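Fold and geometry: a report
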Amino acid sequence: MVCEGLLNLFGTSSEEIIERTRKEDAEYYLPKIAYLKSLLTQNNIPFNLDAETNDR
């Protein structure tokens, strides 16, 4: 793990890195999820992220 003081020395912080990582993840994954959701919809396969988790 990197010391916060070292990050500050280079002009950043752990919060900034976390926020940038979340943004990059969203930019990468959300279009893929939307595409997969559209494929499911086109093939009449139900899609619900709010469904209870399966205990199988």
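Here is what the cut-offs are and how they apply
- Residues numbered from 1 in each chain as written.
- Predicted model: local features only at pLDDT ≥ 70, side-chain atom pairs only at ≥ 80, totals over all residues.
- Heavy atoms only, no water.
- Helix = DSSP H or I, 4+ residues; strand = E, 2+ residues; numbered from the N terminus.
- Buried < 20%, exposed > 50% of the residue type's maximum accessible area, 1.4 Å probe, protein only.
- Areas by Shrake-Rupley, 256 points an atom, 1.4 Å probe, with all protein chains shown as cover.
- Contact = heavy atoms within 4.5 Å.
- Expected span 1.5 Å × (residues − 1).
- Patch = residues over 30% accessible without salt bridge, like charges linked within 9 Å, V, L, I, M, F, W, Y side chains within 5 Å.
- Salt bridge = Lys/Arg side-chain N within 4 Å of Asp/Glu carboxyl O.
- Phe/Tyr/Trp six-rings, centres within 6.5 Å; stacked < 30°, edge-to-face > 60°.
- Lys NZ or Arg CZ within 6 Å of the ring centre and 35° of its normal.

Counting its regular elements, the protein chain contains two helices and zero strands. Residues counted as buried form 5% of the 56 residues belonging to the protein chain. Roughly 5,500 Å² of accessible area belongs to the protein chain as shown, and the carbon and sulfur atoms make up 57% of that amount.

When you line up the elements, Ser-13 lands in the loop between α1 (4–9) and α2 (14–42). Note on Ser-13: relative accessible area 11%, which makes it buried. Ignoring any residue separated from it by four or fewer positions in sequence, one finds Ser-13 in contact with Glu-4, Leu-7 and Asn-8.

Spanning 29 residues, α2 covers 42 Å between terminal C-alpha atoms, matching the ideal 42 Å at 1.5 Å per step. Downstream of α2 by a residue or two, Asn-44 has a phi angle that is positive, lying close to 55°.

A contiguous nonpolar patch, built from Tyr-28, Tyr-29, Leu-30, Ile-33 and Phe-47 and spanning about 510 Å² of accessible area, is present on the exposed surface. Tracing the sequence through the fold places Tyr-29 in helix α2. Taking the relative accessible area as the measure of exposure, Tyr-29 reaches 46% and is therefore partly exposed.

With the rule as written, the count across this model stands at one aromatic pair. On the numbers, 4.8 Å between centres and 90° between planes, the contact of Tyr-28 with Tyr-29 is edge-to-face. Taking relative accessible area as the criterion, Tyr-28 reaches 48% and is therefore assigned partly exposed. Sitting above the plane of the Tyr-28 ring, Lys-32 keeps its charged end 4.6 Å from the centroid.

Another aspect to go through is the environment of Leu-7. You can see Leu-7 is positioned in helix α1. In this structure, the C-alpha to C-alpha distance between Leu-7 and Ile-17, residues 10 residues apart in sequence, is 9.6 Å.

Residue Asn-44 is not a glycine yet carries a positive backbone phi of 55°. Inspection of the secondary structure puts Asn-44 in the segment after α2.

Functional significance is not addressed by these values, which are geometric in nature.
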